[in-house]
Amino acid sequence: MRQAPPDDEDDGTAEKLASLHGATRRMMHADSREAVADIAATAATDVLGFSLHTVRLYDPENDVLLPTAVSPTVERLAGERRAYDRGETIQWRSFEDETLLVFQDITEIDDDVPRSGEGSMLVAPLDDHGVVTLGSVRKDDIARADRELARVLAANVEAAMDRARRRATLSERTARLERQNERLDRFASIVSHDLRNPLNVARGYVDLARETGETDDLENAADALDRIDALVDSMLDLAREGEAVDDPEPVRLATVATEAWSTVDAPEASLAVESDADVRADPERLRTLLENCFRNSVDHGGEDVRVAVEPLPDGGFAVTDDGPGVDPDERDAVFDRGYTTANDGTGFGLAIVRDIADAHGWTTAVTESAGGGARFEFVPSR
């Protein structure tokens with residue numbers, strides 16, 4: 001149980017400030033806001049003496065304050081903490097008004113959270129990160145020095161979380177640059193090898209046509225140029241689809257699948273959507289992924305192939321067909337750039353599928369469908 005000394009008594013504030021500086025140094029080395037919250041929660045007990053404390057981080061996607069670091073005493077007295085919706089609690093008032101709030105008697109708090117027993121409470125805002133709540137099981141237990149120390153703690157937590165966010169942003173940018181460099185290396189390989197072969201073929205047939213005057217040689221050259229055109233289109237698709245999807249939205253899977261199927265030139269083939277569901281995705285890039293999966297099914301399963309799209313329980317989806325399927329020994333290679341078993345394939349269709357899945361943070365898997373064909377599964381991993 002915490003005892004607050006009178007405001008005019010030597011309460012060890014200088015020693016507590018020194019201890020707070022030590023906690024701040026640890027927070028500044030944390031690599032995430034969650035890690036900062038854990039260190040701040042420890043300091044609330046070890047330094048300030050509050051065994052009741054909760055650090056809540058703001059989740060802008062769901063517009064809630066999430067309980068991120070909760071003291072064991074809070075969980076023992078009040079149970080597992082839940083997220084607070086906007087405007088529901090005094091924590092939201094502190095967060096929105098950017099004001100430190102002090103309640104010497106929790107029974108006088110006017111919000112939508114039921115509370116039992118006696119106690120006092122302090123809520124300090126953490127800028128746009130969230131709030132920290134400190135409490136006691138005694139009324140009138142928050143001294144003036146506690147308020148000032150809480151302000152110092154909150155300011156230090158803000159600074160540490162700002163630093164952690166900047167480091168995370170820098171790390172994300174570095175990873176994005178690495179992905180871009182990988183794509184540049186991929187394009188260099190395409191230009192130096194994949195495009196050079198059909199270009200040399202076209203040049204050879206043009207030279208032969210000049211020598212012989214045979215137009216058949218020009219038709220062969222045109223075929224090689226068509227191959228180059230297809231490769232260039234695939235290169236552009238790879239460049240567009242590699243960037244991460246930062247703002248996915250709920251998309252009706254059946255609607256996008258139907259739209260994607262309209263681009264498939266196979267009148268005898270059929271599409272079935274097993275059931276409808278929402279998938280969090282970029283609509284246009286999801287459509288491109290499905291278009292490439294469908295074309296892969298037609299290319300390898302024949303023009304009368306039956307294709308199905310089905311949602312998965314974990315928010316993902318699967319694309320299946322009744323074609324010949326994928327040899328188990330080749331399943332790890334089908335997404336590689338340039339890999340194809342079709343005579344006129346570019347080997348980029350499933351590479352584009354993989355890039356779009358990676359950009360969404362989805363894992364991909366190739367298995368066998370119920371009909372013995374191919375089954376491609378896409379599952380959220382974040």
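Each remark here, short or long, concerns the structure printed above.
Remember, predicted model here, so these are calculated numbers, not experimental data.

With respect to the sheet that holds strand β13 (residues 374–380)
- Taken in spatial order, the 5 strands make up an open sheet running β8-β10-β11-β13-β12, and their pairing is mixed. On the outer flanks of this sheet lie β8 (270–273) and β12 (362–368), each paired with one strand and no other. Recorded for the sheet is a direction-independent mean angle of 15° between the axes of neighbouring strands.
- The sheet contact formed by β12 and β13 spans 7 bridges and is antiparallel.

Points about unusual backbone geometry
- The backbone phi angle of Asp63 is positive, close to 55°, even though this residue is not glycine.
- You can see Asp63 is positioned in the loop between β1 (52–59) and β2 (64–70).

Some thoughts on the packing of helix α1 (residues 13–28) against helix α2 (residues 33–46)
- Two elements in contact, α1 and α2, have axes whose closest approach is 9 Å; the angle formed by their N-to-C orientations is 165°. For the element pair α1 / α2, the angle class is roughly antiparallel. In the crossing of α1 with α2, the sense of the turn from one axis to the other is right-handed. Side by side, α1 and α2 meet where Leu20, Ala23, Arg26 and Met27 of the first sit next to Val36, Ile39, Ala40 and Ala43 of the second.
- Here the contact of α1 with α2 is composed, by residue class, of 7 nonpolar, no polar and 1 charged.

Here we look at the packing of aromatic side chains
- Within this structure, the stated rule accounts for 6 aromatic pairs.
- Judged by centre distance (5.1 Å) and plane angle (40°), the rings of Tyr58 and Phe95 are tilted. Of this pair, Tyr58 sits in strand β1 while Phe95 sits in helix α4 (residues 90–97), and the two are 37 residues apart along the sequence.
- Among the aromatic residues, ring-to-ring pairing joins Tyr58, Trp92 and Phe95 into one connected group.
- Note that Arg56 overlies the ring of Tyr84, its terminal NZ or CZ placed 3.6 Å from the centroid.

What counts as what
Here the residue numbering is sequential within each chain, running from 1 through the sequence in written order. Note on the predicted model: pLDDT of at least 70 is required for a residue's local features to be given, and 80 or more for side-chain atom pairs to be given and counted; whole-chain, interface and lining totals, by contrast, use all residues. Heavy atoms throughout the structure, all of them, feed into the side-chain values; hydrogens and water do not. Two strands are counted as paired when DSSP detects at least two bridges linking them. In this text, helices come from DSSP runs of H or I with a minimum length of four residues, and strands from runs of E with a minimum of two, each type numbered from the N-terminal end. Axis angles are defined between N-to-C directions and span 0 to 180 degrees, where every axis is a line fitted to C-alpha atoms and, for a helix, only to the segment in contact. Any angle from 65 to 115 degrees is called roughly perpendicular, while one under 35 is roughly parallel, one over 145 is roughly antiparallel, and all others are oblique. Put simply, a crossing is left-handed when the front helix is turned counterclockwise from the back one by less than a right angle, and right-handed when it is turned clockwise. The criterion used for residue contact is that any of the two residues' heavy atoms lie within 4.5 Å. Gly is put with the polar residues, along with every residue not named as nonpolar or charged; the nonpolar set is Ala, Val, Leu, Ile, Met, Phe, Trp, Tyr, Cys and Pro, and the charged set is Asp, Glu, Lys and Arg. Aromatic rings from Phe, Tyr and Trp, taking only the six-membered ring of Trp, are treated as a pair when their centres fall within 6.5 Å; an angle between ring planes under 30 degrees marks them as stacked, one over 60 as edge-to-face, and anything in between as tilted. Two limits define a charge over a ring: the Lys NZ or Arg CZ must be within 6 Å of the ring centre, and within 35 degrees of the ring normal.

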